[in-house]
Amino acid sequence: MSIEKQTIENLATLARLAVDDERVEEISQRLGSVLELVDQLQAADTSGLSGLDHPLNETQRLREDKINKPNMREAFQAIAPDTEDDLYLVPKVID
Amino acid sequence: MHNFTITELIDGLKKRVFSSEEITQHFLARIKNLDSEFNSVITLTEDQALESAKLADQLLAEGSASELCGVPVLHKDIFCTQGVRTSCGSKMLDNFVPPYDATVIENFRNNGAVMLGKTNMDEFAMGSSNETSFYGPVKNPWSTDSVPGGSSGGSAAAIAARLAPGATATDTGGSIRQPAALCGITGLKPTYGRVSRWGMIAFASSLDQGGPMARTAEDCALLLNCMASYDDKDSTCIDRPVPNYSVNLGDSLKGLRIGIPKEYFSEGLNAGTEQAVRDSLAEYEKLGAELVDISLPNTGLSVPAYYVIAPAEASANLSRFDGVRYGHRCEDPKDLEDLYRRTRAEGFGDEVQRRILIGTYCLSAGYYDAYYGKAQQVRQLIRQDFTQAFEKVDLIMGPTCPSPAFKFGAKGNDPVAMYLEDIYTISTNLAGLPGMSLPCGMVDNKPVGLQIIGNYFDEARMLNAAHQFQQVTDWHQLAPAGIES
């Protein structure tokens, strides 16, 4: 099973990955063999079963809505590629 | 000195036979002198280690030391360490110095343990051979042309080479148990939710679990005593008291019912591995345990289910690496889209990109129910298999992996062959159950691992069973050639 070039390009866009043309063939084959493997799932009879979201069926715990962590903005921004006036800088988005 | 177990080191420290500074110096020197051959350590934290060792010696002298005070350990480079580069084996995080500690790291610090450094691993824990690390592959100390297993291959190899007496590791589909088996050491993946995931870089959040590696079960119990804790900061962590895992190690195994799943002894299992595992099971019978044939009929579905769920969750988790807030950023992006796409293409290795693309496919519109939804249902089937088995038995045992360590490149071109390496370990992650591996034999001068799977939160019983086995066998005491002295 191999996957069409168009599909790989679409996935790469969704995943925000740059994929060079020369890699498409190899990726297509490898993804194809993995998808063949996972297609074995379709034969399983899972009628009436709910999905297992937490192995112990725990529900998401909620906490009180109050500040409980110190403000570490300076520490976090110190390791950022580019910041200015407490903001993270990215290339211009709006002209 | 490096042949001492953690238990023996603690005894020596308490009796002042040696100081923490002495043993820390000793292990640091071993890493510096020997690790060029194995590549198991990415970052050595020499200054910090010596500083903590001196502090530990003061506490030991005052008599106010905690259980692991002064004991040197290595941490897998997936756990955030304040002020120390945490790469996760990736170029993406090659320059990442976390401003905080993971809860597991904090627990070790509070316990007085000494961090020697950070261990090599498959990139973002995606791999079973340690060949996907940005820092190069780790070599198996038993046979340097073979893989150490993965993803916690650095931790496992370092312990096997006696570069540290214990280490932390993580397990998403077998990443503690498989390298432990291939390197001839003992490792335990606890019940999902037993050890905090806070500050542990996420791969597949519903499967990831941190756990200890050491040479013996007794040492793993000591490390788990420190690692396991309830943590408010991890909303999937279970609020349940942590028992002392060391107290029941000496219990008799008389009457223990051990389930032997027939699916774990079928096609694909190496004959020598099977023999070693069967011999070990006979040893358990001598110890008074009863062997019970059981079936886990949905085992075959575990690998396909895993290769939907793990990549799907990974593709979501790894979307945070975008070149904006930390980590790698490409040069001169022409716009925001270019920044994201080139940063990620440059920062992630091939296997990580492949898994992101598979995950994206499985989660994309029109495919979600057929893949992720279906795989989550199959997880219920797999859990039901175990629930039914544990009505009849106390523990389940079998091989940890199908064969001993394979050579570098042997499975490089076939991702599916690599994925099948985890056939016996993946189902416990899908069910959230605890599993461990301990050395149980040798094939072609390479170690074989026996896997023990327990019921939820039954780590103490597993450690007891492993410890009793290690009282009557010496597989865990073997060292790779050239490492003994």
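Heads up: the structure comes first, above all this text.
Quick caveat: nothing in here was measured; it's all calculated off a predicted structure. (Residues numbered from 1 in each chain as written. Chains lettered and ligands numbered in written order. Predicted model: local features only at pLDDT ≥ 70, side-chain atom pairs only at ≥ 80, totals over all residues. Heavy atoms only, no water.)

### Concerning the overall build of chain A
Part 1 of the argument: Counting its regular elements, chain A contains three helices and two strands.
Part 2 of the argument: Its helices and strands taken in sequence order, chain A reads α-α-α-β-β from the N to the C terminus.
Part 3 of the argument: Against the compact-globule benchmark of 12 Å for 95 residues, chain A has a radius of gyration of 22 Å, which places it well outside the compact range.
Part 4 of the argument: Taken along the three principal axes of its C-alpha coordinates, chain A extends 55 × 45 × 25 Å.
Part 5 of the argument: Pairs at least 24 apart in sequence give 38% of the contacts found in chain A among residues at least 6 apart.
Part 6 of the argument: A total accessible area of about 6,800 Å² is found for chain A, and carbon and sulfur atoms account for 46% of it. (Helix = DSSP H or I, 4+ residues; strand = E, 2+ residues; numbered from the N terminus. Rg over C-alpha atoms; globule rule 2.2 N^0.38 Å. Contact = heavy atoms within 4.5 Å. Areas by Shrake-Rupley, 256 points an atom, 1.4 Å probe, with all protein chains shown as cover.)

### Structural notes on the environment of Tyr 135 of chain B
Residue and element names in this part refer to chain B.
Part 1 of the argument: Mapped onto the fold, Tyr 135 is located in the loop between strand 3 (114–119) and helix 5 (153–160).
Part 2 of the argument: Taking the C-alpha atoms as reference points, Tyr 135 and Ser 40, separated by 95 residues in sequence, lie 9.6 Å from one another.
Part 3 of the argument: Among residues more than four places away in sequence, those in contact with Tyr 135 are Asn 39, Ile 42, Arg 85, Ser 87, Gly 89, Ser 90, Asp 94 and Asn 120.
Part 4 of the argument: Engagement of the side chain of Tyr 135 in a polar contact is seen with the side chain of Asp 94, the distance being 2.5 Å. (Polar contact = N/O pair within 3.5 Å; in protein donor to acceptor, adjacent residues only side chain to side chain.)

### Some points on the packing of aromatic side chains
All names here are of chain B.
Part 1 of the argument: Counting across every chain of the model gives 17 aromatic pairs over all chains.
Part 2 of the argument: When the ring of Phe 321 is compared with that of Tyr 326, the centres are 6.1 Å apart and the planes differ by 90°; the resulting orientation is edge-to-face.
Part 3 of the argument: Residue classification places Phe 321 among the buried positions, given a relative accessible area of 4%.
Part 4 of the argument: A centroid spacing of 5.5 Å and a plane angle of 45° characterise the contact between Tyr 368 and Tyr 372, whose relative ring orientation is tilted. (Phe/Tyr/Trp six-rings, centres within 6.5 Å; stacked < 30°, edge-to-face > 60°. Buried < 20%, exposed > 50% of the residue type's maximum accessible area, 1.4 Å probe, protein only.)

### Things to note about the side chain of Lys 446 of chain B
Residue and element names in this part refer to chain B.
Part 1 of the argument: Structurally, the position occupied by Lys 446 is in strand 11 (residues 446–454).
Part 2 of the argument: One buried charge, Lys 446, has no salt-bridge partner; the nearest side chain with opposite charge is Asp 145, at 5.2 Å.
Part 3 of the argument: Ignoring anything within four residues of it in the chain, the contact list for Lys 446 reads Ser 143, Ser 146, Pro 404, Ala 405 and Gly 441. (Lys, Arg positive; Asp, Glu negative; His and termini not counted. Salt bridge = Lys/Arg side-chain N within 4 Å of Asp/Glu carboxyl O.)

### Side note on the packing of helix 1 (residues 5–14) of chain A against helix 2 (residues 21–38) of chain A
Residues and elements named next belong to chain A.
Part 1 of the argument: At their nearest, the axes of helix 1 and helix 2 sit 10 Å apart, and the two run at 100° to each other. On the basis of their axis angle, the class for helix 1 and helix 2 is roughly perpendicular. Across from Lys 5, Ile 8, Glu 9 and Leu 11 in helix 1, the residues of helix 2 making contact are Asp 21, Val 24, Ile 27, Ser 28 and Leu 31.
Part 2 of the argument: Each residue belonging to the contact of helix 1 with helix 2 can be placed in one class, and the counts come to five nonpolar, one polar and three charged. (Axes fitted to C-alpha atoms, helices over the stretch in contact; angles between N-to-C directions. Parallel < 35°, antiparallel > 145°, perpendicular 65-115°, else oblique. Nonpolar A, V, L, I, M, F, W, Y, C, P; charged D, E, K, R; others polar.)

### Things to note about helix 9 (residues 302–317) of chain B
Part 1 of the argument: The first and last C-alpha atoms of helix 9 of chain B sit 22 Å apart over 16 residues, in line with the 22 Å expected at 1.5 Å per residue.
Part 2 of the argument: Along helix 9 of chain B, 15 of the 16 residues are buried, which leaves the element largely enclosed by surrounding structure. (Expected span 1.5 Å × (residues − 1).)

### Quick notes on the pattern of salt bridges
Part 1 of the argument: One pass over the full model with this rule turns up 25 salt bridges over all chains.
Part 2 of the argument: One salt bridge connects Lys 118 of chain B with Asp 77 of chain B, and the closest N-O pair in it is separated by 2.9 Å. Here Lys 118 of chain B is found in strand 3, whereas its partner Asp 77 of chain B is found in the loop between strand 2 (72–76) and helix 4 (103–110), with 41 residues between them in sequence. For the residue pair Lys 118 of chain B and Asp 77 of chain B, the accessibility class agrees, reading buried in each case.
Part 3 of the argument: Each of Glu 26 and Arg 30 of chain A together with Glu 351, Arg 354 and Arg 355 of chain B takes part in a single network of salt bridges with overlapping partners.

### Quick notes on the nonpolar core
Generally speaking, soluble globular proteins have nonpolar side chains that are buried together.
Part 1 of the argument: Counting 170 residues, the largest nonpolar core has Phe 124, Tyr 284, Phe 386, Ile 452 and Leu 463 of chain B as its most contacted members.
Part 2 of the argument: Ranked by residues supplied to this core, first place goes to helix 9 of chain B with nine residues. (Core = buried A, V, L, I, M, F, W, Y, C linked by side-chain atoms within 4.5 Å.)

### Details of the interface of chain B and chain A
Part 1 of the argument: If you look at the interface, chain B gives 70 residues, while chain A gives 50 residues.
Part 2 of the argument: Regarding the contact of chain B and chain A, the summed buried area is about 5,400 Å², with carbon and sulfur atoms giving 65% of it.
Part 3 of the argument: The tally of links between chain B and chain A comes to two salt bridges.
Part 4 of the argument: Taken together, the links from chain B to chain A amount to 20 residue pairs in polar contact (both at pLDDT 80 or more).
Part 5 of the argument: Contributing elements (two or more residues each) for the side of chain B that touches chain A: helix 9, helix 10 (336–347), helix 11 (350–363), helix 12 (369–389), helix 13 (415–419) and helix 14 (426–431) of chain B.
Part 6 of the argument: Of the residues forming the side of chain B that touches chain A, the biggest block, 12 residues, is contributed by helix 12 of chain B. (Buried area = accessible area lost by both parts, 1.4 Å probe.)

### Observations regarding unusual backbone geometry
Residues and elements named next belong to chain B.
Part 1 of the argument: At the junction of Gly 150 and Ser 151, the peptide bond is cis and its omega measures out at 5° in the coordinates.
Part 2 of the argument: Mapped onto the secondary structure, Ser 151 falls in the loop between strand 3 and helix 5.
Part 3 of the argument: In this structure, Asn 130 takes a positive phi of about 65° despite not being glycine.
Part 4 of the argument: Structurally, the position occupied by Asn 130 is in the loop between strand 3 and helix 5.

### Re a nonpolar patch on the surface
Part 1 of the argument: Judged by side-chain polarity, Val 90, Val 93 and Ile 94 of chain A come together as a nonpolar surface patch covering roughly 300 Å² of accessible area.
Part 2 of the argument: Mapped onto the elements of the fold, Val 90 of chain A is located in the segment after strand 2 (87–88). (Patch = residues over 30% accessible without salt bridge, like charges linked within 9 Å, V, L, I, M, F, W, Y side chains within 5 Å.)

### Topic: the pairing of strand 2 of chain B
Residues and elements named next belong to chain B.
Part 1 of the argument: Taking burial as the measure, the five residues of strand 2 include five buried ones, the bulk of the element.
Part 2 of the argument: Burial of strand 2 is two-sided: the residues Pro 72, Leu 74 and Lys 76 facing one way and the residues Val 73 and His 75 facing the other way are all buried.
Part 3 of the argument: Across five bridges, strand 2 lies against strand 3 in parallel orientation. Bridge assignment links Val 73 to a residue of strand 3, and that residue is Met 115.
Part 4 of the argument: What joins strand 2 to strand 3 is helix 4, and the crossover it makes is right-handed. (Pairing = 2+ DSSP bridges. Right-handed = clockwise from strand over helix to strand, strands pointing away.)

### Quick notes on the pairing of strand 11 of chain B
Successive residues of a regular strand alternate their side chains across the two faces of the sheet.
All names here are of chain B.
Part 1 of the argument: The element strand 11 is largely enclosed, with a buried count of nine among its nine residues.
Part 2 of the argument: By the bridge criterion, five bridges tie strand 9 (residues 395–399) to strand 11 in an arrangement that is antiparallel. Residue pairing in the sheet places Pro 399 in a bridge with Leu 450 of strand 11.
Part 3 of the argument: Of the pairings in the sheet, the one linking strand 10 (residues 435–443) to strand 11 comprises eight bridges and is antiparallel in character. Counted as the bridge partner of Met 436 is Ile 452 from strand 11.

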